[in-house]
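One letter stands for each residue in the lines below.
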Amino acid sequence: MLRSLRISKVKLFDADPNVLRAFLGTGVEFVIAIPNENVRAMVDPAAAQAWVSQHVTPHLRAGARITCVTVGNEVFKGGDGALQAATVPAMRSVHRALAAAGLAGRVNVTTAHSLDVMAASFPPSAGAFSEAATAHVQPLLAFLSETRAPFLVNCYPFFAYMGDPARVPLEYALFQPNAGVTDPVTRLRYDNMLYAQVDAVYAAIQRMGHTDVEVKVSETGWPSRGDPDEHGATVQNAGTYIRNLLRRVEARQGTPMRPFTPVDVYVFALFNENLKPGPASERNYGMFYPDGTPVYSLGLQGQGAYLPPVMMFSHGARQVINLFATVAIASVAFVLS
């Protein structure tokens, strides 16, 4: 199935050697991960070196293509202070271990964040990180700048609309024609919420003294079904959001603040997850039902046969599929979790 979809990039939420071995010789590029529960151990240089020796170098030697290691996921969202304090030191430790193995510049290191790290995101020019996150974000940005790695953020306009449907225009959230919003400081006009969220992160990063760190959207999507209080979770809205986003990606658009930097986007998700806990929306972000039938049309010729090069992500035994777009070509990314 992955070959029929022409998948060319894979992001794992772990470093499963069975998966890496299975893709040897395929040319597929991998992003592998150190789960949150293992981050603190990576502060120890010996532990980081052992991890790289076990999970990176032997696979590269065998012919695998590993381009990035993510250290933890949304670590600044919860209240685990020890994990948060350990993340950047662990990232530096892993980076040094990669450099010692001769992989500096070949395999970079980063981590992903939720928008909860933001204290303000509207208007975009007012973007600022929360006080609680600032102490950790400052050294993180210094590291990303030094190593030329991206800042990853998960953006869901659906949540903003669901939380305040009376004030957030649905058309603005879905990339549909609308009056738009003009930032009173920059005078830049925004015709969709996703780009406004991305630029708010850029503004927050600039406020911390950095203009050389690229922002990539590590998750976005829209559920096709939800609980009665989850306003906007419908098949029509989900299809509209994904189709319109795909058009933006295919056009290699940048945001108003970064018009010449095409937005990289991971769209959640390919399959619905019927066993996932939480609100009904959590089980209905997929573009396809588990039996492979589409939830809605993607607006792509042939639906499956015409998909451009794709990226797949794996999260242990659970599998979730996402949509990805590189700066060079629109690509469909699948996250298997």
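Residues numbered from 1 in each chain as written. Predicted model: local features only at pLDDT ≥ 70, side-chain atom pairs only at ≥ 80, totals over all residues. Heavy atoms only, no water.

To keep it simple, the criterion reads: UniProt positions are given in the numbering used here, feature names are shortened, and annotations may be inferred rather than shown by experiment.
Under an unreviewed UniProt entry, the chain has the name glucan endo-1,3-beta-D-glucosidase and belongs to Eleusine coracana subsp. coracana. Its UniProt record gives the chain a comment under Catalytic activity (unreviewed entry), which states: "Hydrolysis of (1->3)-beta-D-glucosidic linkages in (1->3)-beta-D-glucans." Per UniProt, the chain carries the Sequence similarities (unreviewed entry) text "Belongs to the glycosyl hydrolase 17 family."

1. Structural notes on unusual backbone geometry
Applied cut-off: For helices the rule is a DSSP run of H or I covering at least 4 residues; for strands it is a run of E covering at least 2, with both sets numbered from the N terminus onward.
Here the bond from Phe122 into Pro123 is cis, since omega is -10°, no more than 30 degrees from zero. Tracing the backbone shows Pro123 in the loop between strand E5 (118-120) and strand E6 (128-129). Positive phi, close to 65°, is recorded for Phe175, a residue that is not glycine. Looking at where Phe175 falls in the secondary structure, it is placed in the loop between helix H8 (170-173) and strand E8 (181-182). One non-glycine residue, Arg252, lies in positive phi territory at about 55°. As for its position among the elements, Arg252 is in the loop between helix H10 (235-250) and strand E11 (265-268).

2. Section: the packing of aromatic side chains
What counts here: Pairing of aromatic rings covers Phe, Tyr and Trp, the last counted by its six-membered ring, and requires centre-to-centre distances within 6.5 Å; plane angles under 30 degrees mean stacked, over 60 mean edge-to-face, and any other angle means tilted. For each residue, the accessible area found with a 1.4 Å probe, counting protein chains only, is set against the maximum for its type, and the residue is called buried under 20%, exposed over 50%, and partly exposed in between.
Under the definition given, this model contains twelve aromatic pairs. Centre to centre, the rings of Trp222 and Tyr241 are 5.5 Å apart; their planes meet at 40°, and the pair counts as tilted. Residue Trp222 is found in the loop between strand E10 (215-220) and H10, and its partner Tyr241 is found in helix H10; the two are separated by 19 residues along the sequence. The two residues Trp222 and Tyr241 agree in class, both being buried. For the ring pair Phe268 and Tyr285, a centre distance of 5.4 Å and an interplane angle of 65° mean the geometry is edge-to-face.

3. Comments concerning the environment of Asp212
Let me state the cut-off plainly: Pairs of N or O atoms within 3.5 Å make up the polar contacts considered here, provided that, within protein, one atom can donate a hydrogen while the other can accept it, and that residues adjacent in sequence are counted only when both atoms are side-chain atoms.
Looking at the element boundaries, Asp212 is found in the loop between helix H9 (193-207) and E10. Polar contacts involving the side chain of Asp212 include one to the side chain of Ser145, which spans 2.5 Å.

4. Quick notes on the pairing of strand E4 (residues 108-114)
Every other side chain in a regular strand lies on the same face of the sheet, so the side chains alternate between the two faces. Test applied: One requirement defines pairing of two strands: DSSP has to find at least two bridges between them. For crossovers, right-handed means that the path from the first strand over the helix to the second runs clockwise, given strands pointing away from the viewer.
Among the seven residues in E4, six count as buried, and that is most of the element. As defined by bridge partners, strand E3 (residues 65-73) adjoins E4 across four bridges and the pair is classed as parallel. Each residue of the ladder has a partner; that of Val69, found in E4, is Val109. At this point the chain moves from E3, through helix H5 (residues 81-100), to the parallel E4, and the crossover so formed is right-handed. By the bridge criterion, three bridges tie E4 to strand E7 (residues 151-154) in an arrangement that is parallel. Opposite Ser114, over in E7, you have Asn154 as the bridge partner.

5. Focus on the environment of Gln236
Assignment of secondary structure puts Gln236 in helix H10. The class of Gln236 is exposed, set by a relative accessible area of 63%. Here the alpha-carbon distance between Gln236 and Val295, two residues 59 residues apart in the chain, equals 9.6 Å.

6. As for the nonpolar core
So the rule is basically this: Among the buried residues, those of types Ala, Val, Leu, Ile, Met, Phe, Trp, Tyr and Cys that are joined through side-chain atoms within 4.5 Å form a nonpolar core. Here a residue-residue contact requires only that any non-hydrogen atoms of the pair lie within 4.5 Å.
In terms of nonpolar packing, the biggest core is built from 88 residues, with Phe30, Ile32, Trp51, Val71, Val94, Phe129 and Phe151 touching the most fellow members. Per-element tally for this core: the top contributor is H9, with ten residues. Beyond its immediate chain neighbours, meaning those up to four positions away, Phe30 contacts Val10, Leu12, Val19, Leu20, Phe23, Arg65, Ile66, Thr67 and Cys68.

7. Quick notes on the side chain of Ser130
Checked against the element boundaries, Ser130 lands in the loop between E6 and helix H6 (131-147). Residue class for Ser130 comes out buried when judged on its relative accessible area of 16%.

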